[in-house]
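# Breakdown of the fold
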Amino acid sequence: MWEYTDKVKDHFINPRNVGVIENPDGIGEVGSLACGDALKLTFKLDDDKEKVSDAKFQTFGCASAIASSSALTEMLKGLTIEEAGKITNDDIAEYLGGLPKEKMHCSVMGRDALEKAITYYKGEPEKKREGDVVCECFGVTDVEIKRAVTENKLTLLEDVTDYVKAGGGCGNCHDRIQEIIDSVMEIKQVKKKKTKELTTIQKIRLLEDVLEKEIKPVLKKDGGNIELIDLDGTDVLVELRGACANCKTSQVTIKNFIENKIQELVSPELIVKEVGQDENRIC
Amino acid sequence: MKTVYVDNNATTKTAPEVVNEMLPYFSEFYGNPSSMHSFGGEIAAKREDARAKIATLINAEPEEIIFTSCGTESDNTAIVSAIETRPDKKHIITTRVEHPAVRSMCSTLSEKGCRITSVPVDSKGRLDLDYLYDSICDDTAIVSIMWANNETGVIFPIEDIAQNLADRNVLFHTDAVQAVGKVPIDVKKTPVDMLALSGHKLHAPKGIGVLYVKKGTRFSPFLMGGHQEKGRRGGTENVASIIGMGKACELAAEHMQEEAAEVSQLRDRLERELINKIPQSIINGDKKNRLPGTTNISFEYVEGEAILLMINQFGICASSGSACTSGSLEPSHVLRAMGVPYTAAHGSIRFSLCRYNTIEEIDYIIEKVPPVIERLREMSPFWKQGV
């Protein structure tokens, strides 16, 4: 029997906010019958469209899936969209006083549904699933696995299965998952070393490594690419290629994404600039 | 709150008569049956009485009974012994619905170079006998097939299989843990070479098992130690539990027939009423060939763990083949082997009854379960779509 906290039991036996909101501002559906759990989340904003005034859920799943959904709807009420967007799966688990490790995927399901609901509200097209499917049994992609590993500091294959289910079926993808964990750990280790003052050469090598492993694979999904041109003091000069070069709408997102990654993994003072553009129109 | 225990395929209550028989063997007659003094030696005679009672239940000879610590040890011993004593043979045939006690050992042996054939079942959990017989080859060291399935209660035609394999001179082991004491077993009529049973599934305590090994079968011990069990299983005997096992088998032999009739009536009532009251519920397994006390029902569009924890609130103890209850992410291998769709497999509940269950308890379950399913379905995003 699972060791559930009293709060999990309470939210399971007396779930809050079961149902569907009619004409919701946000709606997010994740999971499937085959996977064994699924969640439909709806929320409504107040008249000023500032804060979440109501949230409801429908869940097919075990006790911790129902409790996580119930907790999420409670947490959402009164938050702005921006605040809601910052809720992580850990926050959901924490709200419940913790979840058994094997059940962490229930909190991830909550976070995923919330993300979808916010995307829906913002009127953004539903995000295409990024990456290649690694776990065929549960349809989990490499990008999703990498995200779970990075966000939750996972180090073991079993952890990945507990959080995103990948590897929980036939087991054919275990090697691939291990590779993903290793690649994330490798980057972390490089990052740790970096805290000592890096020479320019070391910085460039590290930049190249991060571009290769973290950034290019994501850009390539949309037919884009990036090259490192130079490192000038704290300015990282890059050139966007392919679809990225002409795609003005996504440039802010791309800049933020690349800069965040580089600041996180190489050095926080670095600023990304696109060559051939004036400084206000950096990539 | 009262407890309504309908999870008897998981474990059973130790019968009060069994406990009574056992009690003197803890602090009063605590001798070691291997000792030379009469205080210990006299215990050996009691142990032999128990052995005879167990042998009687399955119509074996007492010397064909080896005491072990559990059903799993018995299954492990049988398979490993077959491989050890037949070094020229490296093929094992088993089924896709076997208990982990057999499955895990087979997968370990497959890593060590054995070839494993897992015979499939149909949607009712019935074994594909042609597949089984076609799989046999000169390299086959052992066939290991359960007598009755723990999850669905489906009984395999072990009499026919044993005869067929005996005619072909293929070694045959059966995991009869769920069947012994519930259906008649006669190893003189059914020529199995080895058969595993477990105490705690038939109202003896946990921690005692038995392996029947037919006289003349080549055997290699699993636990090496002293000369206990004529060198076939080392380790000082679990005397009190052996005495208890003897008593439990005696009780089973006495009451099996009437119990089977009574328990199956209760089971049928439970099954019929739940199916009537709850739309879109499905019985898993072959109703014609089933253990008297077992029913496995899928309630579509709800998840098993949630059902179990909800009915736990009412003191009802059952189990589920859902992914979440197993700690794995896939629903039960048995239901998957049967091709039960995911919509149903995740919501499967097993009720397993025994002679201690009453009609009042069954009616209590019939009263409590339907509202739980309804409540969970109302929470499920698939329910309205499903209808």
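Bear in mind the structure is a predicted one, so any value in this text is a computation, not a measurement.

### Describing the overall build of chain A
Looking only at helices and strands, one finds eleven helices and eight strands in chain A. The C-alpha atoms of chain A give 21 Å as radius of gyration, which agrees with the globular expectation for 283 residues (19 Å, within 12%). C-alpha atoms of chain A, sized along the principal axes, occupy 60 × 45 × 35 Å. Counting across all 283 residues of chain A, residues that qualify as buried make up 48%. The long-range fraction of contacts in chain A, counting pairs at least 24 apart against all pairs at least 6 apart in sequence, stands at 57%. With an accessible surface of roughly 14100 Å², chain A has 48% of that area assigned to carbon and sulfur atoms. Across chain A, 41 positive and 53 negative side-chain charges occur, with their mean positions spaced 1 Å apart.

### Some words on the packing of helix 2 (residues 63-76) of chain A against helix 9 (residues 304-312) of chain B
Remark: helix 2 of chain A packs on helix 9 of chain B, axes separated minimally by 7 Å, with the N-to-C direction vectors making an angle of 90°. Our classification of the angle between helix 2 of chain A and helix 9 of chain B gives roughly perpendicular. Between helix 2 of chain A and helix 9 of chain B, the contacting residues are A:Ala63, A:Ser64 and A:Ile66 on the first element and B:Glu305, B:Ala306 and B:Leu309 on the second. In the contact of helix 2 of chain A with helix 9 of chain B, the residues fall into four nonpolar, one polar and one charged.

### Overview of the interface of chain B and chain A
Contacts between chain B and chain A engage 23 residues on the former and 32 residues on the latter. Carbon and sulfur atoms make up 70% of the area that chain B and chain A hide from each other, which totals about 2200 Å². Along the contact surface separating chain B from chain A lie one salt bridge. Here A:Lys103 and B:Glu305 are joined by a salt bridge, their closest N and O atoms 2.6 Å apart. Summed over the shared surface of chain B and chain A, the number is seven residue pairs in polar contact (both at pLDDT 80 or more). At five residues, the largest contribution of residues to the side of chain B that touches chain A is made by helix 9 of chain B. Residue classes in the side of chain B that touches chain A are distributed as twelve nonpolar, six polar and five charged.

### Digging into the sheet that holds strand 12 (residues 319-320) of chain B
Residue and element names in this part refer to chain B. Strands sit in the order 9-10-13-12 across an open sheet of four strands; the sheet is antiparallel. For this open sheet the edge positions go to strand 9 (281-283) and strand 12, each flanked by a neighbour on one side alone. Across the face of the sheet, helix 8 (residues 239-277) comes into contact with strand 9, strand 10 (294-299) and strand 13 (348-352) while running at roughly 10° to strand 10.

### Description of the packing of aromatic side chains
Under the definition given, this model contains five aromatic pairs over all chains. Summarising the aromatic geometry, the rings of B:Tyr30 and B:Phe39 are spaced 5.1 Å apart at their centres and angled 70° between planes, so their arrangement reads as edge-to-face. In this arrangement the basic side chain of A:Lys7 is found over the ring face of A:Tyr95, its NZ or CZ atom lying 4.0 Å from the centre. Lying across the ring of B:Tyr364, B:Lys2 places its NZ or CZ 4.1 Å from the centre.

### Remarks on the pattern of salt bridges
Residues and elements named next belong to chain B. Under the defined criterion, the tally for this structure stands at 39 salt bridges over all chains. A salt bridge links glutamate 250 to lysine 53; its shortest N-O distance comes to 3.8 Å. In this pair, glutamate 250 is assigned in helix 8 and lysine 53 in helix 3 (residues 38-57), connecting sequence segments 197 residues apart. With a relative accessible area of 27%, glutamate 250 lands in the partly exposed category. Since its relative accessible area comes to 26%, lysine 53 is described here as partly exposed.

### Quick notes on the domain arrangement of chain A
Residue and element names in this part refer to chain A. Along its sequence, chain A is organised into domain 1 (6-122), domain 2 (133-193) and domain 3 (200-281). Averaged C-alpha coordinates put domain 1 and domain 2 at centres separated by 24 Å. Summed over the shared surface of domain 1 and domain 2, the number is five salt bridges. Between arginine 111 and glutamate 151 there is a salt bridge; the shortest N-O distance is 3.0 Å. Across the contact surface, domain 1 and domain 2 share seven residue pairs in polar contact (both at pLDDT 80 or more). Of all the elements in the fold, those that place two or more residues in the side of domain 1 that touches domain 2 are helix 4 (89-95) and helix 5 (104-122). Per element, the largest residue contribution to the side of domain 1 that touches domain 2 is five residues, and it comes from helix 5. Of the residues that constitute the side of domain 1 that touches domain 2, the class distribution is three nonpolar, two polar and seven charged.

### Let's talk about the side chain of B:Ser281
All names here are of chain B. Mapped onto the elements of the fold, serine 281 is located in strand 9. For serine 281, a relative accessible area of 13% gives the class buried. Reaching out from serine 281, the side chain makes a polar contact with the backbone oxygen of isoleucine 278 at a distance of 2.6 Å. For serine 281, the residues in contact, after removing those within four places along its chain, are Leu274, Ile275, Ile297, Ser298 and Phe299.

### Re the sheet that holds strand 3 (residues 91-95) of chain B
Residue and element names in this part refer to chain B. The seven strands lie next to each other as 2-8-7-6-5-3-4, forming an open sheet whose pairing is mixed. Here the strands that pair on one side only, and so sit at the sheet edges, are strand 2 (65-68) and strand 4 (115-119). Adjacent strand axes in the sheet meet at a mean angle of 20° when their direction is disregarded. Relative to strand 4, strand 3 runs parallel, the two sharing five bridges. Residue pairing in the sheet places isoleucine 93 in a bridge with threonine 117 of strand 4.

### Describing the pairing of strand 2 (residues 37-45) of chain A
Residues and elements named next belong to chain A. Judged by how many residues are buried, strand 2 sits mostly within the fold: eight of nine residues are covered. Where strand 1 (residues 26-32) and strand 2 come together, seven bridges link them in antiparallel fashion. Bridging across to strand 2, glycine 31 finds its partner in alanine 38. Counting the residues in the hairpin turn of strand 1 and strand 2 gives four residues, including glycine 36, whose phi is positive at 95°. As defined by bridge partners, strand 2 adjoins strand 3 (residues 52-60) across eight bridges and the pair is classed as antiparallel. Along strand 3, the bridge assignment pairs lysine 44 with aspartate 54. The turn linking strand 2 back onto strand 3 is made up of six residues, and lysine 49 within it adopts a positive phi angle of 55°.

Conventions used here
- Residues numbered from 1 in each chain as written.
- Chains lettered and ligands numbered in written order.
- Predicted model: local features only at pLDDT ≥ 70, side-chain atom pairs only at ≥ 80, totals over all residues.
- Heavy atoms only, no water.
- Helix = DSSP H or I, 4+ residues; strand = E, 2+ residues; numbered from the N terminus.
- Rg over C-alpha atoms; globule rule 2.2 N^0.38 Å.
- Buried < 20%, exposed > 50% of the residue type's maximum accessible area, 1.4 Å probe, protein only.
- Contact = heavy atoms within 4.5 Å.
- Areas by Shrake-Rupley, 256 points an atom, 1.4 Å probe, with all protein chains shown as cover.
- Lys, Arg positive; Asp, Glu negative; His and termini not counted.
- Charge placed at Lys NZ, Arg CZ, Asp CG, Glu CD.
- Axes fitted to C-alpha atoms, helices over the stretch in contact; angles between N-to-C directions.
- Parallel < 35°, antiparallel > 145°, perpendicular 65-115°, else oblique.
- Nonpolar A, V, L, I, M, F, W, Y, C, P; charged D, E, K, R; others polar.
- Buried area = accessible area lost by both parts, 1.4 Å probe.
- Salt bridge = Lys/Arg side-chain N within 4 Å of Asp/Glu carboxyl O.
- Polar contact = N/O pair within 3.5 Å; in protein donor to acceptor, adjacent residues only side chain to side chain.
- Pairing = 2+ DSSP bridges.
- Phe/Tyr/Trp six-rings, centres within 6.5 Å; stacked < 30°, edge-to-face > 60°.
- Lys NZ or Arg CZ within 6 Å of the ring centre and 35° of its normal.
- Domains from an automatic or database assignment.

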